[in-house]
Amino acid sequence: PVLNGLALVIGHPHVDVRTAAIEHLFGLLQAYGSQFSSRLLELIFRGILLPLFDNAKHFNGAPTTKEDNEWLTSTCLNVMQNLITVFSRFYPRTA
């Protein structure tokens, strides 16, 4: 529930709130992910982390609003970098 709650906050309109949620979400995963089972890690990737990019799928080309553009240029990149780091660290356990 904590990881899911932080993932929901990543959609917040204020960039500072989104950034803090990203830092805490991925910080928890980095700190405690080694204690998770392979099945739980798979559920976290499929159910919490990958859905963070659902917003990006709805843009159909160029973002339509300033908020959409800001989310893509700041939050999306930050989430992607953190996701790659966590995935690289735990991928052998999820395979």
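Just above, that's the structure.
1. Some thoughts on the environment of Ser38
- Assignment of secondary structure puts Ser38 in helix H3 (residues 38-49).
- Residue Ser38 is classed as partly exposed on the basis of its relative accessible area of 33%.
- For the pair formed by Ser38 and Phe90, sequence separation is 52 residues and the distance between their alpha carbons is 8.7 Å.

2. Notes on the nonpolar core
- Ile10, Leu25, Phe26, Leu29, Leu49, Leu52 and Val79 are the most contacted members of the largest nonpolar core, which has 23 residues in total.
- Within the residue set of this core, elements represented by two or more residues are helix H1 (2-9), helix H2 (15-32), H3 and helix H5 (66-94).
- Here Leu25 is in contact with Leu3, Leu6, Ala7, Ile10, Leu49 and Leu52, once residues within four sequence places are set aside.

3. Some points on the packing of H1 against H2
- At their nearest, the axes of H1 and H2 sit 8 Å apart, and the two run at 150° to each other. Here H1 is positioned roughly antiparallel relative to H2, judged by the angle of their axes. In the packing of H1 onto H2, the handedness of the crossing is left-handed. Mapping the contact onto sequence places Val2, Leu3, Leu6, Ala7 and Val9 in H1 and Val17, Arg18, Ala21, His24, Leu25, Leu28 and Leu29 in H2.
- Of the residues that constitute the contact of H1 with H2, the class distribution is 10 nonpolar, 1 polar and 1 charged.

What counts and how
Positions within a chain are numbered from 1, following the residues in the order the chain's sequence is written. Confidence filtering applies because this is a predicted model: local features only for residues at pLDDT of at least 70, side-chain atom pairs given and counted only at 80 or more, and all residues used for totals across whole chains, interfaces and linings. Computation of side-chain values: all heavy atoms of the structure, hydrogens and water removed. Numbering of helices and strands starts at the N terminus; helices are DSSP runs of H or I of at least 4 residues and strands are runs of E of at least 2. Think of it in three bands: residues with accessible area under 20% of the maximum for their type are buried, residues over 50% are exposed, and the middle band is partly exposed, with areas taken using a 1.4 Å probe on protein chains only. As used here, the term nonpolar core means buried Ala, Val, Leu, Ile, Met, Phe, Trp, Tyr and Cys residues forming a set that is joined through side-chain atoms within 4.5 Å. Whether two residues are in contact is decided by their heavy atoms, any of which lying within 4.5 Å being enough. Angles shown run from 0 to 180 degrees and are taken between the N-to-C directions of axes, each axis being a line fitted to C-alpha atoms and, for helices, limited to the stretch in contact. When describing relative orientation, an angle under 35 degrees is termed roughly parallel and one over 145 degrees roughly antiparallel, while 65 to 115 degrees is termed roughly perpendicular and anything else oblique. Crossings are assigned a handedness: left-handed for a near helix turned anticlockwise from the far helix by less than a right angle, right-handed for a clockwise turn. In this classification, Asp, Glu, Lys and Arg are treated as charged, Ala, Val, Leu, Ile, Met, Phe, Trp, Tyr, Cys and Pro as nonpolar, and every other residue, Gly included, as polar.

Just geometry here; none of it tells us what the structure is for.
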